[in-house]
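Take a look at the letters that make up each chain.
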Amino acid sequence: MMYDLSGRVAIITGAASGMGRASALLFTRAGAHVVVADLNTDGGEAVALEASQLGPRAVFQRTDVAEESDVEALVARAVDEFGRLDIMFNNAGIGGAVGPLEQIRVEDWDRTQAVCLRGVFLGIKHAAGPIRAAGGGSIISTASIAGIDGFPNLHAYCAAKAGVVNLTRSAALEFGRDRIRVNCIAPGGILTPIVYGAEANRSAVEDMLARGQPYPRAGQPEDIASAALFLASDAAQFVTGHTLVVDGGATAGAVALAPKPGANQPPPPRRFAGPSFEQNTP
Ligand SMILES: NC(=O)c1ccc[n+]([C@@H]2O[C@H](COP(=O)([O-])OP(=O)(O)OC[C@H]3O[C@@H](n4cnc5c(N)ncnc54)[C@H](O)[C@@H]3O)[C@@H](O)[C@H]2O)c1
């Protein structure tokens, strides 16, 4: 195993589904004990069971990441169960308030911030002590390319995820001396239930996502899990305060002008673009 987590203890929030689930399975295969945390009890228990069959024992703890007492209890569970904490992956999220800005209700705005941004703050706040006591470790949060670029009708989510990006930086400054690295991942469009909703929509959404960026396939939860494994492992020991973009090139540049995957457009003919005034000289 290239990125070994043997003997490490990790908490992963939002691990009942999608990229959190993929990360729980990968971290366990890499040798870590994992505490699977989620609001979804059935899904979380199923993932903990599945993970336990792949490597060291994993357990489920029902958690609302927006509630400070739940996050405190989650961190305490990891330490009680496995004796230490090395890795905190703040990954839980919701789409939250979607739609035109003028129609957003304040309570929907607030709940979006509470889950997507306060949840990350609480995860860092309560995990830092035990990770420090373990001699250092890694805190990872899931931001989004919507925390870097604006996206229409996703105002609350864009603001929360931009908050995650910069909270990552300020926390990295504070915790570097404790050998606690703080990074985030900014996924592009990834094929998970947050995007496709009902299982029946999955394949249509996969086709749509496959055309959403230069790399010609849909992003998969395992793409994010492997980025998280890198950041969790000693391979990333000198990486902190970083936002790791995993988006198949969606934010690489002038994507609107790039060839569309599968469109089979011929490339433009070779030419040399010299000084523009020469083009107007007969
Ligand atoms: N899928 C994408 O295209 C995409 C892109 C960028 C960022 N993200 C982010 O990735 C992260 C993971 O999402 P996903 O795509 O795997 O979606 P998902 O819906 O499959 O997984 C998210 C999990 O978070 C859990 N959750 C929601 N609110 C919670 C709360 N208050 N407390 C605890 N758990 C809670 C859900 O029950 C679910 O299991 C989220 O932070 C999301 O915003 C997703």
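Scroll up a little and you will see the structure.
A brief report on the enclosed structure follows. What you see as residue numbers is a count from 1 along each chain, following the sequence as written. At least 70 in pLDDT is required for a residue's local features to be given in this predicted model, at least 80 for side-chain atom pairs to be given and counted, and no such filter applies to totals for whole chains, interfaces and linings, which use all residues.

### Section: the pairing of strand β1 (residues 9–13)
Then comes step 1: Across the five residues of β1, five count as buried, placing the element largely inside the fold.
Then comes step 2: With C-beta atoms placed from the backbone, a residue is buried if 20 or more other C-beta atoms are within 10 Å of its own, exposed if 12 or fewer are, and partly exposed between those counts. To qualify as a helix, a DSSP run of H or I must reach at least 4 residues; to qualify as a strand, a run of E must reach at least 2; elements of each kind are numbered from the N terminus. The alternating pattern of β1 places V9, I11 and T13 and A10 and I12 on opposite faces, both of which are buried.
Then comes step 3: Pairs of strands are assigned from DSSP output, requiring at least two bridges between the strands. Note: β1 against strand β2 (residues 33–38), five bridges, orientation parallel. By the bridge assignment, I12 is partnered in β2 with V36.
Then comes step 4: With three bridges joining them, β1 and strand β4 (residues 87–90) adopt parallel strand pairing. Of the residues in β4, the one forming a bridge with I12 is F89.

### Focus: the site of the ligand
Then comes step 1: Around the ligand, 30 residues are found, and the nearest of them are G14, S17, G18, G93 and I194.
Then comes step 2: Partitioned by chemical class, the residues of the shell around the ligand number 14 nonpolar, 14 polar and two charged. Any residue whose C-beta atom, as set from the backbone, lies within 6 Å of a molecule or strand is reported as near that molecule or strand. Any residue outside Ala, Val, Leu, Ile, Met, Phe, Trp, Tyr, Cys, Pro, Asp, Glu, Lys and Arg is labelled polar, Gly included; the first ten of those are nonpolar and the last four are charged.

### Let's talk about helix α3 (residues 68–82)
Then comes step 1: Here, expected helix span is obtained from the residue count minus one, scaled by 1.5 Å. With 15 residues, α3 should reach 21 Å at 1.5 Å per residue; the first-to-last C-alpha distance of 21 Å fits that figure.
Then comes step 2: For α3, the set of buried residues is V71, L74, V75, A78 and F82. Considered in projection along α3, the buried side chains sweep an arc of 90 degrees and stay on one side of the axis. When the buried face of α3 is taken as reference, the exposed residues oriented beyond 90 degrees from it are S69 and D80.
Then comes step 3: Here the contact rule is simple: place C-beta atoms from the backbone, and any two residues whose C-beta atoms are within 7 Å are in contact. The elements touched by buried residues of α3 are β1, β2, β3 (58–62) and α4 (106–133).
Then comes step 4: Phi turns positive one or two residues past the end of α3, at G83, with a value near 85 degrees. Think of the arc as the fan of directions from the helix axis to the C-beta atoms.

### Comments concerning the packing of α4 against helix α5 (residues 155–175)
Then comes step 1: Packing of α4 against α5 leaves a shortest axis separation of 9 Å and a crossing angle of 15 degrees. Considering the angle they form, α4 stands roughly parallel to α5. Between α4 and α5 lies a crossing whose hand is right-handed. Of the residues in α5, those in contact with D108, W109, T112, Q113, C116, L117, V120, F121, I124 and A128 of α4 are A156, Y157, A160, K161, G163, V164, L167, A171 and F175.
Then comes step 2: Classifying every residue of the contact of α4 with α5 by side-chain character gives 14 nonpolar, three polar and two charged. To obtain an axis, a line is fitted to C-alpha atoms, over the contacting stretch when the element is a helix, and the angle between two such axes runs from 0 to 180 degrees between their N-to-C directions. Reported orientations rely on four angle classes, namely roughly parallel under 35 degrees, roughly antiparallel over 145, roughly perpendicular from 65 to 115, and oblique for the rest. Each crossing gets its hand from how the near helix is turned against the far one by less than a right angle, where anticlockwise is left-handed and clockwise is right-handed.

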